[in-house]
Amino acid sequence: MSSHPPEFARRILHREWETLTALERRVVEQVLARTHAAKAGRADDTRTFGQRVADRIAGFGGSWTFILSFLAVLVTWVVLNSVVLARRNEAWDPYPYILLNLFLSMLAALQAPIIMMSQNRQAARDRLDAAHDYEVNLKAEIEIRALHEKLDLLREESWADLVEMQRRQIELLEELLGRGRAGSA
């Protein structure tokens, strides 16, 4: 990155180069170099095996498949221990289902940190995406300002050309009128 501002960038941004952040300077330099700020999709998955497993567990734990299957297990547990096995006095976890409560507590104790790990990684990805979106939007804004400046310059040049044509037409008209007066006299 250059430490001095290109004159073009100073005109577009209407402020001093030194007041720009590193990101803004990089975007200005991308505009000047005519490079793209947009990145392709995430092709590189740098997650560890544990992180991939945590993301899959969190994905499954927040799905209707998990909720419905978990509800089926709970209903089966209660029906087996309260109705079927209780009649034979063979229930392994009779009401108030202390063993079931223990399993549910262990599941919650394991599932909560796994989901939090996955959410933290997703939040980090979201922050990177937001920073990239900001960079793309900033570049688009600079490009639009540059286009406005070019259009203004073209309009000024057109006006100058029109004024020059009009001045020349007046000169020619005066010349014609001067000849017409000289010929009639």
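Model, not experiment: these values are computed from the prediction. (Residues numbered from 1 in each chain as written. Predicted model: local features only at pLDDT ≥ 70, side-chain atom pairs only at ≥ 80, totals over all residues. Heavy atoms only, no water.)

K.L.:
Looking at this structure, I do not really get the packing of aromatic side chains. What am I missing?
P.N.:
The geometry of an aromatic ring pair is captured by the separation of the ring centres together with the interplanar angle, meaning the angle of the planes. Counting across every chain of the model gives five aromatic pairs. Both rings, one in F66 and one in F70, keep their centres 5.4 Å apart while their planes meet at 20°; by these two values the pair is stacked. Taken as a pair, F66 and F70 lie in helix α4 (residues 64-87) at a separation of four residues, close to a single helical turn. Overall, F66 belongs to the buried group, its relative accessible area being 15%. Judged by its relative accessible area of 24%, F70 is partly exposed. Relative to F103, the ring of W77 lies with its centre 5.9 Å away and its plane at 90°, an arrangement referred to as edge-to-face. With W77 in helix α4 and F103 in helix α5 (residues 98-184), this residue pair connects regions lying 26 residues apart in the sequence. Taking relative accessible area as the criterion, W77 reaches 13% and is therefore assigned buried. Members of the aromatic cluster, each reached through a chain of ring pairs, are F60, F66 and F70. (Phe/Tyr/Trp six-rings, centres within 6.5 Å; stacked < 30°, edge-to-face > 60°. Helix = DSSP H or I, 4+ residues; strand = E, 2+ residues; numbered from the N terminus. Buried < 20%, exposed > 50% of the residue type's maximum accessible area, 1.4 Å probe, protein only.)

K.L.:
It is not clear to me how the pattern of salt bridges should be interpreted in this structure. Could you clarify?
P.N.:
Side-chain pairs of opposite charge can arise where the charged atoms are in close proximity. Scanning all chains against the criterion turns up 10 salt bridges. With its nearest N and O atoms 3.0 Å apart, the salt bridge here joins E135 to R26. Of this pair, E135 sits in helix α5 while R26 sits in helix α2 (residues 22-33); the two residues are 109 residues apart in sequence, bridging distant segments of the chain. One network of salt bridges, with partners in common, ties together E164, R167, R168 and E171. (Salt bridge = Lys/Arg side-chain N within 4 Å of Asp/Glu carboxyl O.)

K.L.:
When you look at α4 in this model, what are you seeing that I'm missing?
P.N.:
An α-helix turns once per 3.6 residues; consequently, residues spaced three or four apart project the same way. An ideal rise of 1.5 Å per residue puts 34 Å on 24 residues; α4 measures up with 33 Å between its terminal C-alpha atoms. The largest bend along α4 measures about 40° and falls at L80. In this fold, the buried residues of α4 make contact with α3 (49-61) and α5. N89 occupies a position one or two residues after α4 and carries a positive phi of about 60°. (Expected span 1.5 Å × (residues − 1). Bend = angle between axes of the 7 residues up to and from the residue. Contact = heavy atoms within 4.5 Å.)

K.L.:
Mind showing me how you'd approach α2 here?
P.N.:
In this model α2 runs 16 Å from its N-terminal to its C-terminal C-alpha over 12 residues, within 8% of the 16 Å that 1.5 Å per residue would give. Those residues of α2 that sit buried are E24, R25, V27, V28, E29, Q30 and V31. One or two positions beyond α2, positive phi appears at R34, with a value near 60°.

K.L.:
What is the right way to look at the environment of R26 in this model?
P.N.:
Accessibility expressed as a relative area gives 34% for R26, which makes it partly exposed. Separated by 109 residues in sequence, R26 and E135 have C-alpha atoms that sit 8.9 Å apart.

K.L.:
Can you walk me through the side chain of S118 in this structure?
P.N.:
Note on placement: S118 falls in helix α5. Classification of S118 by relative accessible area gives buried; the value is 12%. Leaving out residues up to four positions away in the same chain, S118 has contacts with A54, D55 and A58.

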